Amino acid sequence: MQGTPGPAAAPARTAPPRSNAPTWIALALPPLACALWLAWAAYRIGNAEADTGLAYDTVLQGIVGAAVAAVVALAVLLWAGRRGHAGHALLALIAGTALSPLLLWFGLGAVLSSRRHDFERRQQQVQALSATIRGGDAARIRAAIDALPDNPGPTRTLCMLQGRESYRLVKWLWVDEHGYGPNLPSDELLAAAAAVVGGPASAQDKQASLRVVLRALADRREPQRLDEWVALWRRTLPQPAPRPLPLSAPAEEYGDCTLGDPLERVLREWGDDGVRAWLDAGLGFEPGRGQAIVALRAVRRTDTLRALLAADPRFAELLRSDRDAGEDALSAQADSLSAALDASSQPSQQAELVEALRAAGARPREIGPVTSCELFDNNEQRRAQPHDPPARQAAARRIRAVLCPGAADAPTPKPRKPAAA
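Calculation rules
Per chain, the residues get numbers from 1 upward, laid out in the order the sequence is written. Reporting of local features is limited, given that this is a predicted model, to residues whose pLDDT is at least 70; pairs of side-chain atoms are given and counted only at 80 or more, and all residues count toward the totals for whole chains, interfaces and linings. The side-chain numbers reported here are obtained from all heavy atoms of the structure, hydrogens and water having been left aside. In the sections that follow, a salt bridge refers to a side-chain nitrogen of Lys or Arg positioned within 4 Å of a carboxyl oxygen of Asp or Glu. In this description a helix means any DSSP run of H or I spanning at least four residues, a strand means any run of E spanning at least two, and both kinds are numbered starting from the N terminus. Accessibility here uses a 1.4 Å probe with only protein chains present; expressed as a share of the type maximum, an area under 20% marks a residue as buried, one over 50% as exposed, and anything in between as partly exposed. Between 30 and 60 degrees the pair is tilted, below 30 it is stacked and above 60 it is edge-to-face, where a pair is any two Phe, Tyr or Trp rings, Trp via its six-membered ring, whose centres lie within 6.5 Å. Only protein atoms enter the 1 Å grid used here. Points where a 1.4 Å probe fits but cannot escape make up a cavity, open sets with protein on both sides within 12 Å along at least five of seven lines make up a pocket, and a residue lines them when an atom lies within 4 Å of a point. Grid points are joined across faces, edges and corners, and a volume is the space filled by probe spheres set on the points. Each residue gets one of three labels, nonpolar for Ala, Val, Leu, Ile, Met, Phe, Trp, Tyr, Cys and Pro, charged for Asp, Glu, Lys and Arg, and polar for the others, Gly among them.

Visitor: In this structure, what is going on with the pattern of salt bridges? I would like to understand it.
Guide: When the charged atoms of two side chains with opposite charge come close together, those side chains can pair. Within the structure shown, the criterion is met by 24 salt bridges. Arg-121 is paired through a salt bridge with Asp-118; the nearest N and O atoms lie 2.6 Å apart. A residue pair is termed a helical-turn pair when its members lie 3 or 4 positions apart in one helix, as Arg-121 and Asp-118 do in helix H3 (residues 86-135) at 3 residues. Taking relative accessible area as the criterion, Arg-121 reaches 36% and is therefore assigned partly exposed. As a salt-bridge pair, Arg-320 and Glu-317 come within 3.0 Å of each other at their nearest N and O atoms. Placement of both Arg-320 and Glu-317 in helix H13 (residues 313-321) is noted, with a separation of 3 residues, approximately one turn of the helix.

Visitor: I tried to follow the packing of aromatic side chains on my own but got confused; where do I start?
Guide: For any pair of aromatic rings, geometry is given as the distance between the ring centres together with the angle between the planes. Counting across every chain of the model gives 2 aromatic pairs. For the ring pair Phe-285 and Phe-315, a centre distance of 5.0 Å and an interplane angle of 85° mean the geometry is edge-to-face. With Phe-285 in the loop between helix H10 (272-280) and helix H11 (290-298) and Phe-315 in helix H13, this residue pair connects regions lying 30 residues apart in the sequence. An identical accessibility class is assigned to Phe-285 and Phe-315; each is buried.

Visitor: It is not clear to me how the layout of surface pockets should be interpreted in this structure. Could you clarify?
Guide: Rolled over the atoms, a probe as big as a water molecule pinpoints where empty space is left. Taken as a whole, the largest pocket spans an internal volume of roughly 510 Å³. When residues of the lining of the largest pocket are traced back to their parent elements, those giving at least two are helix H1 (21-45), helix H2 (52-82) and H3. Broken down by element, the lining of the largest pocket gets its largest block of residues, 10 residues, from H2. Split by residue class, the lining of the largest pocket holds 18 nonpolar, 5 polar and no charged.

Below is the structure:
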């Protein structure tokens, strides 16, 4: 009897085809991820002036990219396991990861080399500008300023040309290397400023550039050049220019060449000579008491005080009506009078200045932590000269009669004798 056929046998399960693709992908994944990040870094921070924050963000993005690459690598290993090449893929991934630091080393070196080259090119252009300025051609000077990388403008450029910070090389996250421009002499700075003033720049840019040059003249203590500077400043004003010429404190800052109140900086560096140069150049003073007090504190000669009072009636009115202004003026004298008396061949001139201030209305400070009298007496007592010439003694008595009105008849304090060695 013929048997009935049994159930059909189940078809055999086909194994997935073996493939080397996961192995090659695992090998190429780490170097490819590094290459992509290096290309992104070169695009974002490949120039010398790239911001430090941008470099920091680029590194953070590299860390995020590495995490994504790790997830992709895990997926590749699972895929390789299904294709029967899990061990080969793992070895390939390890080999690719071992090659990545070498690729990063050379790639980062190439990016830094490119940045260094860009930085040096910028510095060379600044140096070439100084040679153009020495040539004296105003049109070429303006063209060279406009051709500088990143278009720093005339104000920033004239700041660079004082030997100050020019371009910057940011070495990734925390290291900055600054370049410095050539420290041009004042006549060349003024020539560059004249080229800017004679060009199409706005009046604001022209005045900002001149303020930067004024800072250089102040720091170099060259009051004799103020007239030349004022002639350029006059050209930036509506014509006919008013008299006296206005020169207010700037509303904006100029980076490494911040000026602040121009009068205050000039008088801090030039002192009494600065007051005379300011007046002789026809420059005025801002309304209010700020610049007036700065000028009164800087005076060191009687003729300068007379010129100041004659130039602007507000000074005389301030000394008469503003007690604080007079106290500041006399306290400024008291702070330096002892040294001035020692250095002067005619000590009576110092006494004449104090008497002239008092006659103009200034009164000594008699209330406060340190009065004008105490300030002068303390400085006298610190002196180590046991014997003073009669002229100095007489001048000190006259000064003390003004600064110490309540003790005018008291004897002048004797200086301390130097301690025995």
